[in-house]
Each structure stands twice: as C-alpha cells, then as structure tokens.
Amino acid sequence: MLVDQVLPDPSCTPGVIDERVTQENVQSTICVSGYTRTVRPSTSYTNRLKRQGILDYGYEDTNPQHYEEDHLVPLELGGHPTDPGNLWPEPGASPNAKDRFENALHQAVCAGRVTLADAQWVMMTDWRLTPLVLSGEVHAGKQVSGPEAAPEDEDERGAPGDY
C-alpha cells in the first residue's frame, strides 16, 4: 500500500548522508535523545533554500508557507543537515505520512531491527516502501522474501551484504 504523497525529483534532491553517522556509532549519535537539535540548520538557512527550491521544482504555488523544507534523509537517520541535495520543498503541512515512516525507521534502527543503510536507502528511494523494509521483505532494494526473492542459481545471489 503506497501512501499518496509527492516524492522529490531525484535530480534536484538525491538525498545526502552525513558521513559522521555510521552503523557503528548510531547509539552515540542519532539514537541519543536531542541529537537532531545539535545538527539542525537554522531556519534562515532552510528558508532561503526553500524559496530557491520552489523555483527549481517549478511549483505553480510559490507561497513558501505551503511547503516544509524537509530533509529527504532525515536527521534522525543520519541525513546531511545542510547539503542542498538533502533538502527539498515538500508540499503540504507537517507532520505528514513521511514523518511517520521516519519515526518508525528511527525506532527500528536504534533497536537493531533495521540497518542504517537500509533505512537511508528507503528514504532516498521511496519512503512509501518503509513497511517492506520494516518487515524485512526488502533490504536496500533487494526483495528477500516471497516467491521472487529466491535466486535462480548461485551466481545471482551476490556477496553476503552485497546490496
């Protein structure tokens, strides 16, 4: 079930990872209460990007109040805080459906049920696929359960962890 919500243009907003956040340090970075406050950019910075992004995206509605300048890969999942490639003018109000997926992935990463890489991948690709990542059916784009998941022969499997 896909949620009806606009996805960003990947040529404008591909998503950018903060290299300071890794699988090895999630418990001392993104899983620490208040972490996002320590890296969140100022609204003066994001408002400037929002105005430019509305033009870059060619939105007919140019009222900045109708958009949230959102991190494609959220800060709580190790998204880059200030790189314009990770920020986009998301139409509509906040909170929204994407926020629920962000929160669910954050909880799963911090509990060790989902890898940071899988969470970041689904946010950059199509966050509406989050339920499949949370259920373990998809890892960084590869289906791992169900009839289509089994490789035909050994050569198609790839290396362990080769996503």
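Before going into details, it helps to say that this report is about the structure given with it. (Residues numbered from 1 in each chain as written. Predicted model: local features only at pLDDT ≥ 70, side-chain atom pairs only at ≥ 80, totals over all residues. Heavy atoms only, no water.)

## Examining the pairing of strand β2 (residues 87–91)
In terms of burial, β2 is a largely internal element, 4 of the 5 residues being buried. Relative to β2, strand β1 (residues 67–71) runs antiparallel, the two being bridged by 5 bridges. Within β2, the residue paired with Y67 across the bridge is P91. (Buried < 20%, exposed > 50% of the residue type's maximum accessible area, 1.4 Å probe, protein only. Helix = DSSP H or I, 4+ residues; strand = E, 2+ residues; numbered from the N terminus. Pairing = 2+ DSSP bridges.)

## Here we look at the pattern of salt bridges
Counted according to the given criterion, the structure contains 4 salt bridges. One salt bridge connects D18 with R20, and the closest N-O pair in it is separated by 2.7 Å. Overall, the relative accessible area of 3% leaves D18 in the buried class. (Salt bridge = Lys/Arg side-chain N within 4 Å of Asp/Glu carboxyl O.)

## Some details on the state of the cysteines
The tally for this structure, following the rule as stated, stands at 1 disulfide. Note on cysteine connectivity: C31 is disulfide-linked to C110, with sulfurs 2.0 Å apart. Classification of the bridge connecting C31 and C110 rests on its S-S torsion, roughly -100°, and on that basis the disulfide is left-handed. Placement of the pair is C31 in the segment before α1 (35–39) and C110 in helix α3 (residues 97–110), with a sequence separation of 79 residues. A relative accessible area of 21% means that C110 is categorised as partly exposed. (Disulfide = S-S within 2.5 Å.)

## Structural notes on the nonpolar core
Counting 28 residues, the largest nonpolar core has I30, L105, V109, V114 and M123 as the members making the most contacts within it. Of all the secondary-structure elements, those providing two or more residues to this core are α1, α2 (43–57), α3 and α4 (116–125). No other element matches α4, which puts 5 residues into this core. Non-local contacts of V114, meaning those with residues more than four positions away in its chain, are made with L105, A108, V109, A119, V133 and L134. (Core = buried A, V, L, I, M, F, W, Y, C linked by side-chain atoms within 4.5 Å. Contact = heavy atoms within 4.5 Å.)

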